[in-house]
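Notes for the structure review
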Amino acid sequence: MKKFETKYGYFSEDGNEYIIKTFHTPKPWINVLTNGNYGLVISQTGAGFSWLEHSEFNRLNRWHQDLIKDDWGKYFYIKDNNTGEIFSPTWMPVKSQPLSYQAIYGLGYTKFISEYENFKINLTVFIPLNEQLEIWNFKIENKKDENLDLSIYSYFEWCLGSSADHHREFHKTFIETDFDESLNAMTATKRLWEIPLSNRGHWNIEYPFLGFISSDKKISDFDGDKESFIGQYGSLEKPVGVYSDKLSKKTGKWNDSIGTIRIDLTVSANTSEEVSFFMGIKKDKKQIKKSIEKFSAQLAIHEALNEVKVFWEKMFSTLVVDTPDEAMNLMVNKWLRYQAIAGRLWARTAYYQQSGAFGFRDQLQDSLVFLPINPKLTEKQIRLHARHQFQNGTVLHWWHPISETGLPTKMTDDLLWLPFLIFNYIEETGNYKILDTREPYYDSEKSESLFKHSVAAIERVLKRFSKRGLPLIGAGDWNDGLSAVGLDMKGESIWLAEFFYMILIRFSEICDKINKKNLAKRYRLKADQLKKSLDKYAWDGNWFFRATKDNGEKIGSIKNKEGKIYLNAQTWAVISGIANDDKKRKAMDSVTKYLLKKNGCLLLSPAYTKPDEMIGYLSRYAPGRRENGGVYTHAATWAIWAYALLKENDLAFKAYKNLSPVYNGMDADEYVAEPYVTPGNIDGPDSPNYGMAGWTWYTGSANWFQKVIVDWILGIRATKEGLLIDPCIPADWNNYSVKRLFRNTIYNIRVFNQAKSKPKFDHMIVDGTKTNNNLIKPLKKSEVTVDVFLS
C-alpha cells in the first residue's frame, strides 16, 4: 500500500523506502548513504558526490552546489551499439525520457529503475559496511527477442581532497591518473592536499590516498581526460567519447582528469545481466585489489546489500512506536533517526550545506538519538567533544577531523551542552561512572574527568555575567544569527539564562549524588540568584524578551517594531522551570497567538525588513527566510516540549503536526523539500514563498523531533529513577504502543485512553501487577509488558 502519495512520490507500506516517481521534483530530493567512514550523497537525477571520512577535505569527485541545474555527479552512459542510441540509468546526464522512472530511497541504499522500449535498467547504489567504496550494481533486462549489444561508460571529474577546487585550472595540475590492467581499475591521486597539515608552508603536503574506479567485468577502454571525452565546447548530454568507437586512453599528470571506463555487455534475448562498478578511496593498490576481489561475484554484492539493510533494521529495533498517526510512525521509527545518524552524525553534509566538521553543540545534541539505541555511542560522542574543550572551560565552536583545526569562539552556549548531554546520558543509563572518565583538553595533554570538564564549562559561564546577574550573549547563544548582539561582552541573553538555570539545577543534583555537597550548594545558590534576576528584568508584559544588545536595547520586546517576540525565550522558560506558572502560561499563550503557524512555530515575529548591525546576520536574511521570521525547525521542536509540560495536549499535537514534513509534503509544490526528512527551515508568512522548506538533512531538528515526540507526546522517557510514563496525546486517540529499550530491558508498553479530553495517567499494570505510580523502576529482566490506562 502506498502511503502519503503525491504526484512526486510516496512511502512504501513498511516505511523503509520512499519511492520518487519522477526526476522532476520541485527541488533536488536526495539520499545520504554512509557507513560512518565512507559516504555519498545522491539526488533523484543521479547527481551527487562521495567522500572518505570528511566530505570537504577528502572528496572523491567534483561537485558544486546548484539546486537549480543539479548537474554535478558520478554518471553512467549506456550505449546501444546496434542503434547508436545513448541512455542513462539516471535522468542525468543524457536527460532521455524513459517510459517510466523511479528513484527509490532506502535506509542505506538507493535504487533507480528506468524503463525504455527495449530494455529496463535496475541500478542499486550502496556502501558496504566497513568499506571505503561504493557499489553501483546494474541489472539490465532485455525485453527484445534479439540480443542487446551494449557498452557502459562511467564519468566523473576527480577531486581527491578539498572540495574547494573552483579554480580548476590550478587544481587539475596536481592530479595524476593511471590505468592498471592487472587491477582492472583506473586509479588517481594528487600531489597536493589542500589542508593545513604541512610543516613546510601552505599547499605542500602529499595526498595519501588513491581514488579508483573498477568493475566486475573486464574494462575494455578508458579515458582520463575531460577534453578528449567531452570534446572542446561539448556537453555532458552528448560527449564525443561515447559516440566514438574508441576512447583516448589518456592518463597521467597533464589532463583535466576524469574517471571514465567502459565495459561491453551482451544481454541475450528476453534475459537479464548484472554488472557492477566500484568507486572509492583507499590507501594503496593492495587495499583496492582486496576489495575488488571481495565483491567480484554478484552473490557477494547481494549479501553485502542485505547486511546494510539488516544493520539499519537492527539499529532501529530498540525503539518502535505504533500510533494512530501513521506519519508519526514513519518518521520516528525510520526516517528521523536515519537522518540524524546518517546525515548529521556520520556524513555531516547534504545538498544545502556541506560541512564535514563537528559542531560542538550540534553533534552533541544529535547524539541524543543513540540513547534508546546504544548509549555507548552517545558516550563516545561526549568524550570526543570533551577533547575539544580548552582548560579554561571554553570550547571550539566547530573543528575538522583529519586536521583537528577549529574555531575558538565567543559563542556562549556551546560549552554547556557538554553537561547537558552528560545528565541526559545518566538518566538513560544510571551510569555515574561516566563522570570519572578522563579526557585531555584541546590545549593540553592533561587529562581530567568528565565531571571536571563539566565544572570547567559551568564555571566559565558564571564568569560571564552582567551587573544585573544575567549571562552575556557574546557572539551568539544557541542562535548563531545573533552574531553581533554581544560582541563587546555587554549584551545579555535571556534564553541562555533559562538554559543555564536548567544546567545548574540538574548538575547540582549530580553533585549531590556523588557527594560534592559544597559544589551542589554553590550551584543551587547561583540558580536561585539567576532566577531572581530573570524574574526582575526579563519579563516584557506578556512574554520574555530575547536579549539586550551591547548598548542596552532589548530585542524580542513589545517595544520593538520588528522581532517583537522570539520563540526560544518562551519555550525554555517552561522547559527549564525557571519561570513561575503564571508567566509560563502567558509566555506560551503568546507563542500560540503570534508564532504558531501552519508549518510550526516561527522563530520570531515579525521579520526584520532592514538589517541591524547590532543584531547580526539574522537580520540580513530576507524577511520570512530561515531565522528571520521563518520556522527554524530545531527550535520549533522545543515548542512541542513546552506545550506538553503545560499539559496542553491539543497544542502540543498541533505544534507537532504542523511541523511534520510528511503532512507539509502533501502540498509538495508549496513545500518543495523532501517529505521524508526534516528541513532546517520553512519560510514564514513574511515571505512570498510562505510554506517553502529548505536546508534539508543537515539540521539538528531530526534528533529533537523524534525525541520530543517519544518523550513528551507519547510520554515515555528516561529519568534517573526509572522509565516515566506521562502521555500528552490527543483526546481522539484510543490507544498506541511503544517498544523501548531501557537499561538492557525491552519494555513493551500499550497505552489505552479512556478520557474524552486531555487524557492523563490513571494507572498501569506492569507484568501483571497494578500500580498507581507512573514510574517504572529499572527491572533486571530481558523483557517487560506494561499496560497503561489514561483517564
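Positions within a chain are numbered from 1, following the residues in the order the chain's sequence is written. pLDDT decides what is reported in this predicted model: residues at 70 or higher carry local features, side-chain atom pairs at 80 or more are listed and counted, and totals for whole chains, interfaces and linings draw on all residues regardless. Water and hydrogen atoms were dropped before computing side-chain values, which therefore reflect all heavy atoms in the structure.

On to the overall build of the chain. In DSSP terms, a helix is any run of H or I states spanning at least four residues, a strand is any run of E spanning at least two, and both are numbered starting from the N terminus. When its secondary structure is counted, the chain shows 19 helices and 43 strands. Using C-alpha atoms as the atom set, the radius of gyration is obtained and then compared with a globule rule of 2.2 Å times the number of residues to the power 0.38. For 791 residues, the compact-globule estimate of 2.2 N^0.38 gives 28 Å, and the C-alpha radius of gyration of the chain, at 28 Å, lies within 12% of that figure. Counting only C-alpha atoms and orienting by the principal axes, one finds that the chain spans roughly 80 × 65 × 55 Å. Classification of residues uses two cut-offs on accessible area relative to the type maximum, computed with a 1.4 Å probe and protein chains only: under 20% is buried, over 50% is exposed, and between them is partly exposed. Across the 791 residues of the chain, 63% fall into the buried class. Note that accessible areas follow from Shrake-Rupley with a 1.4 Å probe, and for residues the cover is restricted to the protein chains shown. Total accessible area computed for the chain in this model is approximately 29200 Å², and 48% of it derives from carbon and sulfur atoms. Only four residue types enter the charge count, namely Lys and Arg as positive and Asp and Glu as negative; His and the chain termini do not. For this purpose, a charge sits on NZ of Lys, CZ of Arg, CG of Asp or CD of Glu. The positive charge centre, built from 104 side chains, and the negative charge centre, built from 96, are 7 Å apart in the chain.

To continue, consider the packing of aromatic side chains. Think of it this way: a Phe, Tyr or Trp ring, Trp meaning its six-membered ring, pairs with another when their centres are within 6.5 Å, and the plane angle makes it stacked under 30 degrees, edge-to-face over 60, tilted otherwise. What the rule picks out here adds up to 68 aromatic pairs. Centroid distance Phe11 to Tyr18: 4.9 Å. Interplanar angle 80°. Geometry classified as edge-to-face. For Phe11, a relative accessible area of 1% corresponds to the buried category. Owing to a relative accessible area of 1%, Tyr18 belongs among the buried residues under this scheme.

Now for the packing of helix α9 (residues 417–429) against helix α10 (residues 450–462). Interaxial angles span 0 to 180 degrees and are taken between N-to-C directions of axes, which are lines fitted to C-alpha atoms, for helices over the stretch in contact. At a minimum axis separation of 8 Å, α9 and α10 run at an interaxial angle of 135°. Taken together, the axes of α9 and α10 are oblique relative to one another. Remark: the crossing between α9 and α10 carries left-handed chirality. Here Leu418, Pro419 and Ile422 of α9 come into contact with α10, specifically with Leu450, His453, Ser454 and Ile458. Orientation categories follow fixed angle ranges, with anything under 35 degrees roughly parallel, anything over 145 roughly antiparallel, 65 to 115 roughly perpendicular, and all other angles oblique. Throughout, a crossing is termed right-handed when the near helix is turned clockwise from the far one, and left-handed when it is turned anticlockwise from it by less than a right angle. Contacts were defined at the residue level, with two residues in contact if any of their heavy atoms lie within 4.5 Å.

Attention now goes to the side chain of Gln298. Relative to the assigned elements, Gln298 resides in helix α5 (residues 298–315). Residue Gln298 is classed as buried on the basis of its relative accessible area of 18%. By the criterion applied in these results, polar contacts are pairs of N or O atoms within 3.5 Å in which, for protein atoms, one can donate a hydrogen and the other can accept it, and in which residues neighboring in sequence qualify only through two side-chain atoms. Separated by 3.2 Å, the side chains of Gln298 and Ser276 make a polar contact. Leaving out residues up to four positions away in the same chain, Gln298 has contacts with Asn137, Asp216, Glu274, Val275 and Ser276.

Looking now at the sheet that holds strand β23 (residues 396–399). In this description, strands pair whenever DSSP reports at least two bridges between them. Spatially, β22-β23-β24 is the arrangement adopted by the 3 strands of the open sheet, whose pairing is antiparallel. Strands at the two margins of the open sheet, each flanked by one partner only, are β22 (358–359) and β24 (406–408). Note: β22 against β23, 2 bridges, orientation antiparallel. From the neighbouring strand, Phe358 faces β23, where its bridge partner is Trp399.

By way of backbone hydrogen bonds, the strands of a sheet pair with one another, either parallel or antiparallel. Read from one edge of the open sheet, 3 strands run β33-β34-β35, paired in antiparallel fashion. With one partner strand each, in any of the chains shown, β33 (631–632) and β35 (693–694) form the two edges of the open sheet. Bridge count for β33 against strand β34 (residues 681–682) is 2 bridges, and the pairing is antiparallel. Residue pairing for β34: Val631 is matched across the bridge by Ile682.

Quick look at the pairing of strand β17 (residues 210–215) now. Most of β17 sits out of view: 6 of its 6 residues are buried. Side-chain alternation along β17 places Leu210, Phe212 and Ser214 on one buried face and Gly211, Ile213 and Ser215 on a second face that is also buried. As paired elements, strand β16 (residues 185–190) and β17 share 4 bridges and run antiparallel to each other. By the bridge assignment for β17, Ala188 is matched with Gly211.

Our focus in this paragraph is the pattern of salt bridges. When their charged atoms lie close together, side chains carrying opposite charge are able to pair. The term salt bridge refers to a side-chain nitrogen of Lys or Arg lying within 4 Å of a carboxyl oxygen of Asp or Glu. Taken as a whole and judged by the stated rule, the model has 60 salt bridges. Among the ionic pairs, Glu169 bridges to Lys172, the shortest N-O distance being 3.0 Å. Two residues, Asp477 and Arg546, come together in a salt bridge whose shortest N-O distance is 2.7 Å. Separated by 69 residues along the polypeptide, Asp477 in the loop between α10 and α11 (494–513) and Arg546 in the loop between α12 (517–537) and β27 (547–548) bring together distant segments of the chain. A residue is classified by how much of its surface remains accessible, and Arg546, at 2% relative accessible area, is buried. One salt-bridge network, held together by shared partners, links Arg62, Glu157, Asp165, Arg168, Lys226 and Asp256.

Inspection of helix α4 (residues 285–294) places Ile288, Ser291 and Ile292 among the buried residues, and these make up the whole buried set. Seen along its axis, α4 keeps its buried residues to an arc of 100°; they face one direction. Of the exposed residues in α4, the ones pointing more than 90 degrees away from its buried face are Lys286 and Lys290. Two or three places before Lys286, at the opening of α4, Asp284 has a side-chain oxygen 3.2 Å from that residue's backbone nitrogen. Each direction from the helix axis to a C-beta atom contributes to the arc, which is the arc of those directions.

Residue placement: Ser154 occurs in strand β13 (residues 148–155). Residue classification places Ser154 among the buried residues on the basis of a relative accessible area of 1%. There is a polar contact of 3.0 Å between the side chain of Ser154 and the backbone oxygen of Gly259. At a separation of 2.9 Å, a polar atom in the side chain of Ser154 contacts the main-chain amide nitrogen of Ile261.

By convention a nonpolar core is built from buried Ala, Val, Leu, Ile, Met, Phe, Trp, Tyr and Cys residues, the set being connected through side-chain atoms within 4.5 Å. Counting residues in each nonpolar core, the largest one holds 250 residues, and the members touching the most others are Phe138, Trp312, Ile341, Phe420 and Phe544. Ranked by residue count, the leading element in this core is helix α6 (residues 326–347), at 14 residues. Ignoring anything within four residues of it in the chain, the contact list for Phe420 reads Leu368, Phe499, Met502, Ile503, Trp572 and Trp704. Judged by nonpolar contacts, the second largest core, of 10 residues, contains Ala547, Tyr566, Tyr608 and Leu618.

Residue Pro93 is bonded to the preceding Met92 through a cis peptide linkage, with omega at 5°. If you trace the backbone, Pro93 turns up in the loop between β8 (86–87) and β9 (100–106). In the segment running from Ser605 into Pro606, the intervening peptide bond is cis, with an omega of -15°. Position of Pro606 relative to the elements: it lies in the loop between β32 (604–605) and β33. The backbone of Lys647 sits at a positive phi, close to 60°, despite the residue not being glycine. Secondary-structure assignment places Lys647 in the loop between α15 (633–645) and α16 (649–659). A positive phi is found at Asn744, a non-glycine position, where the angle reads about 70°. By the element assignment, Asn744 lies in the loop between β38 (735–742) and β39 (745–753).

Moving on to the packing of α11 against helix α13 (residues 568–575). One can describe the packing of α11 onto α13 by two numbers: an axis separation of 9 Å at closest approach and a directional angle of 20°. Taken together, the axes of α11 and α13 lie roughly parallel to each other. As α11 packs across α13, the resulting crossing turns out to be left-handed. Between α11, through Ile494, Trp495, Glu498, Phe499 and Met502, and α13, the contact on the second element is made entirely by Asn568, Ala569, Trp572, Ala573 and Ile575. Classes in brief: Ala, Val, Leu, Ile, Met, Phe, Trp, Tyr, Cys and Pro nonpolar; Asp, Glu, Lys and Arg charged; the others, Gly included, polar. Its residues assigned to classes, the contact of α11 with α13 comprises 8 nonpolar, 1 polar and 1 charged.

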